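In case you want the letters, here they are:
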Amino acid sequence: LTLELARTGVAGQAYSPNSAAAHDGPAFLLYYAPAFLRKSANSIEEASVAMSDIAAIFTSARQLWPLQHSVESEGTTVSIYLDELKTVPVGDVAAGYGTGLVWVLRRNSHRDGAVECVTLTALPALLARAQCSILRFWTPTNGATDLASPSRPPPRNEATNALLGQRPAAGA
């Protein structure tokens, strides 16, 4: 994460002068990342989950836009839009995995992408065209390593319920 954040998208510039690798590209600009992180400022736990989610976005972005060792790539930036993600409370992000939805980073062009929540039925077509990478926003529990056991609570907010097509929970 530190290395990805050191890349500026400006040729010859890096936030970490000790890291020659920061001079490779492209750099990533996560639109609405501050808004997503600000929503998670309620507790240390939520902030930690949000930072893990941001790290997962950088990991997937690097799969879709591989690192290139050239002056041209050093001066490029890929914009990744988090508009859909920023509307969902951080504690509810993983809830969709248990209801047939999955968060992906979709590559729209060589210069931009977006984090989106898609149905599992739409996923094979996206993956077949190599247009997306599954975002690992879930936290395995009890030694699990798959989607079967997200540890975050079920959705309880209107934006999340609308995204998941659910009615508000009783007493919520």
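Quick notes on the rules
Residues numbered from 1 in each chain as written. Predicted model: local features only at pLDDT ≥ 70, side-chain atom pairs only at ≥ 80, totals over all residues. Heavy atoms only, no water. Helix = DSSP H or I, 4+ residues; strand = E, 2+ residues; numbered from the N terminus. Buried < 20%, exposed > 50% of the residue type's maximum accessible area, 1.4 Å probe, protein only. Phe/Tyr/Trp six-rings, centres within 6.5 Å; stacked < 30°, edge-to-face > 60°. Lys NZ or Arg CZ within 6 Å of the ring centre and 35° of its normal. Salt bridge = Lys/Arg side-chain N within 4 Å of Asp/Glu carboxyl O.

Chemist: Break down the environment of Gly 75 for me, with residues and values.
Modeler: Mapped onto the elements, Gly 75 comes out in the loop between α4 (71–74) and β2 (77–81). On the accessibility criterion, Gly 75 (37% relative accessible area) is partly exposed. Separated by 50 residues in the primary sequence, Gly 75 and Gly 25 place their C-alpha atoms 7.0 Å from one another.

Chemist: I'd like a description of the packing of aromatic side chains, backed by residues and values.
Modeler: In total, this model carries six aromatic pairs according to the counting rule given. On the basis of an interplanar angle of 55° and a centroid distance of 6.3 Å, the ring pair of Phe 28 and Phe 58 is categorised as tilted. Of the two residues, Phe 28 is situated in strand β1 (residues 27–31) and Phe 58 in helix α3 (residues 44–64); the sequence distance between them amounts to 30 residues. Each member of the pair, Phe 28 as well as Phe 58, is classed as buried. Considering the side-chain rings of Trp 103 and Phe 137, the 6.3 Å spacing of their centres and the 55° angle between planes classify their relative orientation as tilted. Here Trp 103 is found in strand β3 (residues 101–107), whereas its partner Phe 137 is found in the loop between β5 (132–134) and α7 (158–164), with 34 residues between them in sequence. Pair check on accessibility: Trp 103 and Phe 137 agree, each one buried. An aromatic cluster of three or more residues is present, and its members are Phe 28, Phe 58 and Trp 65. Over the face of the ring belonging to Tyr 32 we find Lys 86, whose NZ or CZ atom lies 4.6 Å from the ring centre.

Chemist: For the pattern of salt bridges, give the residues involved together with the corresponding values.
Modeler: In the structure shown here, the tally under the stated rule is two salt bridges. For Arg 62, the salt bridge is made with Glu 4, and the minimal N-O distance between the two is 2.7 Å. Note that Arg 62 is positioned in helix α3 and Glu 4 in helix α1 (residues 2–6), a separation of 58 residues in sequence. Residue class for Arg 62 comes out buried when judged on its relative accessible area of 15%. We classify Glu 4 as buried; its relative accessible area is 12%.

Read these as geometric descriptors, not functional statements.
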